[in-house]
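Residues per chain, in single letters:
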Amino acid sequence: MPKHSKSGGPPYTDPPSASYVVVVKPWSVEPSPGRRKSEDYNRIATWVTYVLWEAANRDGSIPTVECVYRMRTRDEVIVQLPLGTNTSPLLGQHNWASFVDEWNDPPGAQKATLVFQYNWTNNGDPANHNWEEFFPDILPLNSVPIKSPYPLPLWVKVPVTLTSLVLSIPKPPTPPPQPEPQCPLVPLKTETKQIGLEMPDEKPADLSPAFRPYSPPSHYPLPARFQNKSTESKTSEKPRLFRKSDPYEVGRFEF
């Protein structure tokens, strides 16, 4: 039997004796709150227990749902758990198509269950505010048609009608932008071409000198200048003697 607080508020400053979450649009129950039966609330408590059990890798003791608070005119319910229970695996939007085994509804249905932390400071003990207590029986967890491993819930904004009943879920940190992949630089192969005029293939020009000395034919007589002079010395001629000349004299005189 849960203990109830008698302090006045709001704000309710006395510490709660348990942990509370609010389940909106619970899965696998009668949609109309006025026609829900005990089996519906047993399924809600079993689903909450299953999610926490999966979050603990199905190891250790199974968390106990102590109480479910309900109203015949409200869709949401308040689930009471032992004080200190880690409720973070429950908080967020649970899309039915992502966790229900053998989901048959069309993909566009977008049916989901929302879970938020109960705002104790604004509302205090639910038992003191016309919420009816229901003590559920947990069904065998292996019989629940839910996928394993259980997918993580998505972040969701608090509906306007529940701003005073629940607490907002902190937004997850935005991941840093990833740098764009850079293509490795590949050096381009450049071909250097010599630019010039392409000359047609011709025979090389004759670079021998255009002027050649005259060579007479072999049958022509040699000119006088090419004939050998006589080497005979003229003995009859006397050698000529020259006197020493005066540098101031003009001309040269023979003796």
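Residues numbered from 1 in each chain as written. Predicted model: local features only at pLDDT ≥ 70, side-chain atom pairs only at ≥ 80, totals over all residues. Heavy atoms only, no water.

1. Re the packing of aromatic side chains
Right, so step 1: With the rule as written, the count across this model stands at eight aromatic pairs.
Right, so step 2: Aromatic pair Tyr20 and Trp120: ring centres 5.8 Å apart, planes at 20 degrees, arrangement stacked. On the criterion of sequence distance, the pair formed by Tyr20 in strand E1 (residues 19-24) and Trp120 in helix H3 (residues 120-123) is long-range, its members being 100 residues apart. Considered together, Tyr20 and Trp120 belong to a single accessibility category, that of buried residues.
Right, so step 3: Through pairs of rings, three or more aromatic residues link up here, namely Tyr20, Tyr69, Tyr118 and Trp120. (Phe/Tyr/Trp six-rings, centres within 6.5 Å; stacked < 30°, edge-to-face > 60°. Helix = DSSP H or I, 4+ residues; strand = E, 2+ residues; numbered from the N terminus. Buried < 20%, exposed > 50% of the residue type's maximum accessible area, 1.4 Å probe, protein only.)

2. Re the confidence of the model for the protein chain
Right, so step 1: Per-residue pLDDT for the protein chain has a mean of 82; in total, 70% of the residues score no lower than 70.
Right, so step 2: Under a pLDDT of 50 for its full length, residues 250-255 has, in the predicted model, eight contacts with residues more than four places off or in other chains. (pLDDT = per-residue confidence, 0-100. Contact = heavy atoms within 4.5 Å.)

3. Thoughts on the pairing of E1
Right, so step 1: Buried residues dominate E1, accounting for six of its six residues.
Right, so step 2: What you see with E1 is no split at all: Ser19, Val21 and Val23 on one side and Tyr20, Val22 and Val24 on the other are buried throughout.
Right, so step 3: Bridge analysis of E1 against strand E3 (residues 77-81) gives five bridges, and the strand direction is antiparallel. Residue Tyr20 lies in a different strand from E3, and its bridge partner there is Gln80.
Right, so step 4: Note: E1 against strand E5 (residues 112-118), four bridges, orientation antiparallel. Looking at E5, one finds that Val21 is bridged to Gln117. (Pairing = 2+ DSSP bridges.)

4. Comments concerning unusual backbone geometry
Right, so step 1: Look at the link from Ser148 to Pro149: it is a cis peptide, with omega at 0 degrees.
Right, so step 2: The topology assignment puts Pro149 in the loop between strand E6 (132-134) and strand E7 (166-167).
Right, so step 3: A positive phi angle is found at Ser28, which is not glycine, with a value near 65 degrees.
Right, so step 4: Tracing the backbone shows Ser28 in the loop between E1 and helix H1 (38-55).
Right, so step 5: Although it is not a glycine, Asn57 sits at a positive phi angle of roughly 60 degrees.
Right, so step 6: Its location among the elements puts Asn57 in the loop between H1 and strand E2 (67-70).

5. Notes on the environment of Cys67
Right, so step 1: Along the chain, the position of Cys67 falls in strand E2.
Right, so step 2: For Cys67, a relative accessible area of 0% gives the class buried.
Right, so step 3: Considering only alpha carbons, one finds Cys67 and Pro136, 69 residues apart in sequence, at a separation of 6.7 Å.

6. Some points on the pattern of salt bridges
Right, so step 1: Under the criterion given, the structure shown has six salt bridges.
Right, so step 2: As a salt-bridge pair, Arg70 and Glu132 come within 3.0 Å of each other at their nearest N and O atoms. One end of the pair, Arg70, is in strand E2; the other, Glu132, is in strand E6, and 62 residues separate them in sequence.
Right, so step 3: The buried category is assigned to Arg70, whose relative accessible area is 9%.
Right, so step 4: Using a relative accessible area of 35% as the deciding quantity, one classes Glu132 as partly exposed.
Right, so step 5: Measuring nitrogen to oxygen at the nearest pair gives 2.6 Å for the salt bridge that ties Arg74 to Glu76.
Right, so step 6: Among the residues examined, Glu76 registers a relative accessible area of 8% and is labelled buried. (Salt bridge = Lys/Arg side-chain N within 4 Å of Asp/Glu carboxyl O.)

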